Amino acid sequence: ILNEGIKQAGGVRQASSLALLSHYPQVRSTIRKIISELSDAHLESPANVQIRPHISIYVVVTIAGASGSGMYLEMLALIADLTRRMSVDISTIAVMPNAFDSELDGRPEEELRSQASAYAAAQEIQAFRGGFGVDHGIKFGPNERFQSILEPGFSHQFFVVGRHMADGRDLRTLDAVIDSV
């Protein structure tokens, strides 16, 4: 799911989750097709050796706004459900609010909302990575037919990306942050 601009869900995190749920069968079908294409990729083996495909999935999300942070856990639950019988590593690359400083310059209300959204998303991610969902029987999906449980440690690796590099360099723009990912 890719959008342009910074006003997809208007700062309302639940709006993106509701948008995902209202189109869940189509989204599920599209993701299933992509995963199938990845898992059906055949490696030729001259020695007639069977190779079990191993897939690495990288979910890139911004937790700075409502669009990504509002549907992140729901999407991860869907991907985890569709790959539960496969050899898959799911990693997350989370883009922090400071990556959007140049986009939000001069708009303090949006900047504050962005930071609040990131804080809420980080709290939810930490809770579910620690088993909160399983401990409380929380299931994701629009109905009983499409329900997924998000197991603890659902993302094998979790990368946090912002404007500032580990060596202190400032990437300055959102485009530079995206290029670094």
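Now for a description of the structure that goes with this document. (Residues numbered from 1 in each chain as written. Predicted model: local features only at pLDDT ≥ 70, side-chain atom pairs only at ≥ 80, totals over all residues. Heavy atoms only, no water.)

A word on the overall build of the protein
1) Next: If you tally the helices and strands in the protein, you get 7 helices and 3 strands.
2) Next: Residues counted as buried form 36% of the 181 residues belonging to the protein.
3) Next: Nonlocal contacts in the protein, meaning residues at least 24 apart in sequence, comprise 72% of its contacts between residues at least 6 apart.
4) Next: Accessible surface, the protein: about 11,300 Å² in total, of which carbon and sulfur atoms supply 52%. (Helix = DSSP H or I, 4+ residues; strand = E, 2+ residues; numbered from the N terminus. Buried < 20%, exposed > 50% of the residue type's maximum accessible area, 1.4 Å probe, protein only. Contact = heavy atoms within 4.5 Å. Areas by Shrake-Rupley, 256 points an atom, 1.4 Å probe, with all protein chains shown as cover.)

Some words on the nonpolar core
1) Next: Judged by nonpolar contacts, the single largest core of 30 residues is most densely connected at I31, I57, Y72, L73, L150 and F154.
2) Next: The element that contributes the greatest number of residues to this core is helix 3 (residues 66-82), accounting for 9 residues.
3) Next: Apart from residues no more than four positions distant in its own chain, I57 is found in contact with I35, I79, T83, V88, D89, I90 and S91.
4) Next: Residues A64, I93, V95 and L171 belong to the second largest nonpolar core, which totals 10 residues. (Core = buried A, V, L, I, M, F, W, Y, C linked by side-chain atoms within 4.5 Å.)

Observations concerning the pairing of strand 1 (residues 54-62)
1) Next: The side-chain alternation of strand 1 yields one buried face, formed by I55, I57, V59 and V61, and one unburied face, formed by H54, S56, Y58, V60 and T62.
2) Next: Note: strand 1 against strand 2 (residues 87-95), 9 bridges, orientation parallel. Among the inter-strand pairings, V61 is bridged to a residue of strand 2, identified as A94. (Pairing = 2+ DSSP bridges.)

Brief notes about the packing of aromatic side chains
1) Next: Scanning the entire structure with this criterion turns up 4 aromatic pairs.
2) Next: Ring centres of Y24 and F146 lie 5.6 Å apart, and the angle between their planes is 50°; on these two criteria the pair is classed as tilted. Of the two residues, Y24 is situated in helix 2 (residues 24-39) and F146 in the loop between helix 6 (132-135) and strand 3 (157-161); the sequence distance between them amounts to 122 residues. Residues Y24 and F146 agree in their burial class; the two are buried.
3) Next: Among the aromatic residues, those joined into a cluster by ring pairs are F128, F132 and F140. (Phe/Tyr/Trp six-rings, centres within 6.5 Å; stacked < 30°, edge-to-face > 60°.)

Examining the environment of G141
1) Next: With respect to the helices and strands, G141 occurs in the loop between helix 6 and strand 3.
2) Next: For the pair G141 and M75, spaced 66 residues apart in sequence, the C-alpha to C-alpha distance is 9.3 Å.
3) Next: Leave out the neighbours within four places in its chain, and G141 touches L21, Y24, E74 and F146.

Some words on the side chain of T83
1) Next: Mapped onto the fold, T83 is located in the loop between helix 3 and strand 2.
2) Next: Setting aside residues up to four positions removed in sequence, T83 forms contacts with I35, I57, V88 and I90.

A few points about the sheet that holds strand 2
1) Next: Taken together, the 3 strands give an open sheet; going across it, the order is 1-2-3, and neighbouring strands pair in parallel fashion. The sheet terminates laterally at strand 1 and strand 3, the two strands that pair on one side only. Strand-to-strand twist in this sheet, taken as the mean axis angle between neighbours without regard to direction, amounts to 20°. (Axes fitted to C-alpha atoms, helices over the stretch in contact; angles between N-to-C directions.)

Brief notes about the environment of M96
1) Next: Looking at the secondary structure, you find M96 in the loop between strand 2 and helix 4 (101-104).
2) Next: The sequence separation of M96 and Y119 amounts to 23 residues, and the corresponding C-alpha distance is 9.7 Å.
3) Next: Non-local contacts of M96, meaning those with residues more than four positions away in its chain, are made with I63, A64, V160, V161 and G162.

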